[in-house]
Each structure stands twice: as structure tokens, then as C-alpha cells.
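A structural walkthrough
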Amino acid sequence: MNARRMSIWSVGAAALLLCAQAQASVGASGSDGASRIGAEAGMGVSNFTGDLGDRTNTGVGWNARGVYNFTQNIGVEVTYLGAHNTFDDPRLPTNEGITTTSLSGDLKLAAPFRANSSMIIEPFVAGGFGGAFYTVTETNSPLYTSGGGAQVPMGVGANFLIDRVATFGLRGDYLANLSNTLVTNESVHGNQWAAQANIGIHY
């Protein structure tokens, strides 16, 4: 788990460094930053890691996010993340699964640069604190139970701001669960990951 977290932050830091260099090289020609306020939503895939990930299938994930940028490099996000994963456990029917409801507040660090006259590219890393609730659906089994707890989200990605109105973005998130009570009578733990594409508007 620690190696996975370090790899996410390493990729994000490398992306920001490369884009900061690009930003410096084009600064004199009119590079500018991201917008002040934005809203976006998207879909993709999500699953758990660790022992819990061995018992679940990759499923659909979705999100909604509000963004406020203090400067072109520093902003905050409020994020809702949802997902549904079916169990890969021979003791349970295949239609049973886990539905995720997650809320978090994140600090966002970005290095936007102008790609052309109509597009700004904004690589970023983000991290913060939040909580998740996991609903175990359609089961009367004593093996799994609904539960939740605190969560530390980390994300890396890039947004493409078009004509200072529309946004398209690609993002990967790793959500570290500080506690996990989904599995009863067993020592099973798992964090969560998500890879999603987003569209939005910005001002």
C-alpha cells in the first residue's frame, strides 16, 4: 500500500515539474492559469485494494466536484465519489455488492500552461481528508456488513480547459481508509482506487 501511494505522488510530482518547466518556457508568450471557479462530473471504474480487493470485482464509479482556485497554482475541491462493486466471493450470490458514498475536501496544486490560443492544460495533484460509507446491498449474509469511516484521498490528473468555458479531464484517485468494518469476524482490509474521465464548466 505504501508503494502504491508513493508511486501516485511520484507521478504527480513529476508531472507538475515538467509542466512548470513548460510554463516557464512559454510565460513570455502569454501563458496563463486556470479559471477561478469550476464544477465537473464524470464516470469511470473503481475497486478496492488488499484483501477486500481480492473479494470484489472492478465496477463503475462516478463523481461530482466543485473547485475554487485561489491562484492558478493553488485551489480547493469538494468531492462526492460513488461506486458499485459486486462481490467475487463464492459464498455469496453474484448480484450482491458494495455501494460507495464518499465525501472529501482536498487541497489542489496545479501547474497550468497554455497549449494554444483556445486551450489551457492543467496537470495537478490533490490530497485531503474525508469519509466514506459502504452499503452492502442485497445480502442477508453475516459475512459482510455496511460501515464507514475516515478516509484520506490522493489524486493526480490533468484538465483541459477549452475556450475558458468547457473542461475535459482525466483523473486517478487513491483513497486510503483509516478503518474498515465491512467484513465481520475476519481481518480483511482494503483501500479504494478510481480512474475516471470528467467534463465540466469553469469561469
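Here we summarise the structure given alongside this text. (Residues numbered from 1 in each chain as written. Predicted model: local features only at pLDDT ≥ 70, side-chain atom pairs only at ≥ 80, totals over all residues. Heavy atoms only, no water.)

So, on to the overall build of the chain. Within the chain one finds two helices and nine strands. Along the chain, helices and strands appear, N-terminal first, in the series α-β-α-β-β-β-β-β-β-β-β. Within the chain, the proportion of its 203 residues that are buried is 47%. Within the chain, contacts between residues at least 6 apart in sequence are counted, and of these 66% link residues at least 24 apart. Element-wise, carbon and sulfur atoms account for 65% of the exposed surface of the chain, whose accessible area totals about 9400 Å². (Helix = DSSP H or I, 4+ residues; strand = E, 2+ residues; numbered from the N terminus. Buried < 20%, exposed > 50% of the residue type's maximum accessible area, 1.4 Å probe, protein only. Contact = heavy atoms within 4.5 Å. Areas by Shrake-Rupley, 256 points an atom, 1.4 Å probe, with all protein chains shown as cover.)

The next subject is the side chain of Arg-65. Here Arg-65 lies in strand 2 (residues 59–69). Polar side-chain contacts of Arg-65 include one of 3.4 Å to the side chain of Asn-63. The contacts of Arg-65, once residues within four sequence positions are left out, are Gly-38, Ala-39, Glu-40, Glu-77, Val-78, Thr-79, Arg-171, Asp-173 and Asn-198. (Polar contact = N/O pair within 3.5 Å; in protein donor to acceptor, adjacent residues only side chain to side chain.)

Formed by 13 residues in total, the largest nonpolar core has its most connected members in Leu-52, Phe-87, Ile-98, Tyr-134, Tyr-144, Leu-182 and Val-183. When residues of this core are assigned to their parent elements, the largest contribution, three residues, is made by strand 6 (residues 119–137). Not counting residues up to four positions away in its chain, the partners in contact with Phe-87 are Arg-55, Thr-56, Asn-57, Leu-92, Glu-96, Gly-97, Ile-98, Val-136 and Tyr-144. (Core = buried A, V, L, I, M, F, W, Y, C linked by side-chain atoms within 4.5 Å.)

In this sheet, strand 6 lies alongside strand 4 (residues 97–110) in antiparallel orientation, the contact comprising 14 bridges. Bridge pairing links Leu-103 to Gly-131 in strand 6. Joining the antiparallel neighbours strand 5 (residues 113–116) and strand 6 is a turn of two residues. Alignment of strand 6 against strand 7 (residues 147–162), held across 14 bridges, turns out to be antiparallel. Counted as the bridge partner of Val-125 is Val-156 from strand 7. (Pairing = 2+ DSSP bridges.)

Counting across every chain of the model gives four aromatic pairs. Judged by centre distance (4.3 Å) and plane angle (35°), the ring pair of Phe-87 and Tyr-144 falls under tilted. Taken together, the positions of Phe-87 in the loop between strand 3 (74–86) and strand 4 and Tyr-144 in the loop between strand 6 and strand 7 put the pair 57 residues apart, joining distant regions of the chain. The pair formed by Phe-87 and Tyr-144 is uniform in burial state, with each residue classed as buried. Taking NZ or CZ as reference, Lys-108 lies 5.2 Å from the ring centre of Phe-124, over its face. (Phe/Tyr/Trp six-rings, centres within 6.5 Å; stacked < 30°, edge-to-face > 60°. Lys NZ or Arg CZ within 6 Å of the ring centre and 35° of its normal.)

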